[in-house]
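Structural description and commentary
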Amino acid sequence: PIAKHVSSDCFYLGMLRFYFKCGAHPTTDSETSVALNLVTTNSRCITCITCTDIRSPVLVFQCVHRHVICLDCFHLYCVTMLNDRQFIHDPELGYSLPCVDGFAWLPGRLI
């Protein structure tokens, strides 16, 4: 792992650790991985759509409103949706989750 001290204008984030997948792991050209570009620092101090705290880092959904969710709430959202068998199958993305705002039927809502 790579460790780094991180801070922003809003608060001190502490020590973050980054883990990378082994390059020797066999993959195919069609295989995809988690979209880490959706996880970013909360430099604009936007509140989490679920708990309304201002935290960082956050996940930014690709919906029109670009809703923000803290990683703790996102983890709970993923576990809850998995336990309730609510992941959505998309022919291009595979199994995915929509924005937490409840409008899963709108296009472009899956992460």
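Residues numbered from 1 in each chain as written. Predicted model: local features only at pLDDT ≥ 70, side-chain atom pairs only at ≥ 80, totals over all residues. Heavy atoms only, no water.

- The name given to the protein in an unreviewed UniProt entry is RING/Ubox-like zinc-binding domain-containing protein, with Malurus cyaneus samueli as the source organism.

Side note on the overall build of the protein
- For the protein, the count of helices and strands is 1 helix and 7 strands.
- The linear arrangement of helices and strands in the protein, starting from the amino end, is β-β-β-β-β-α-β-β.
- Looking at the protein as a whole, 23% of its 111 residues are labelled buried.
- In the protein, the share of contacts with a sequence separation of at least 24, taken over all contacts with a separation of at least 6, comes to 20%.
- Working note: accessible area of the protein is about 8,300 Å², and carbon and sulfur atoms make up 57% of it. (Helix = DSSP H or I, 4+ residues; strand = E, 2+ residues; numbered from the N terminus. Buried < 20%, exposed > 50% of the residue type's maximum accessible area, 1.4 Å probe, protein only. Contact = heavy atoms within 4.5 Å. Areas by Shrake-Rupley, 256 points an atom, 1.4 Å probe, with all protein chains shown as cover.)

Things to note about the packing of aromatic side chains
- Taken as a whole, this structure holds 3 aromatic pairs when the rule is applied.
- An angle of 80 degrees between the planes, with centres 6.5 Å apart, marks the rings of F61 and Y77 as edge-to-face. Residue F61 is found in the loop between β4 (58–60) and β5 (68–70), and its partner Y77 is found in helix α1 (residues 71–83); the two are separated by 16 residues along the sequence.
- Y77 gets classed as buried once you look at its relative accessible area, which sits at 13%.
- When the ring of F74 is compared with that of Y77, the centres are 6.5 Å apart and the planes differ by 45 degrees; the resulting orientation is tilted. Taken together, the residues span about one helical turn, with F74 and Y77 both in helix α1 at a distance of 3 residues.
- Here a set of aromatic residues connected by ring pairs shows up, and it is made of F61, F74 and Y77. (Phe/Tyr/Trp six-rings, centres within 6.5 Å; stacked < 30°, edge-to-face > 60°.)

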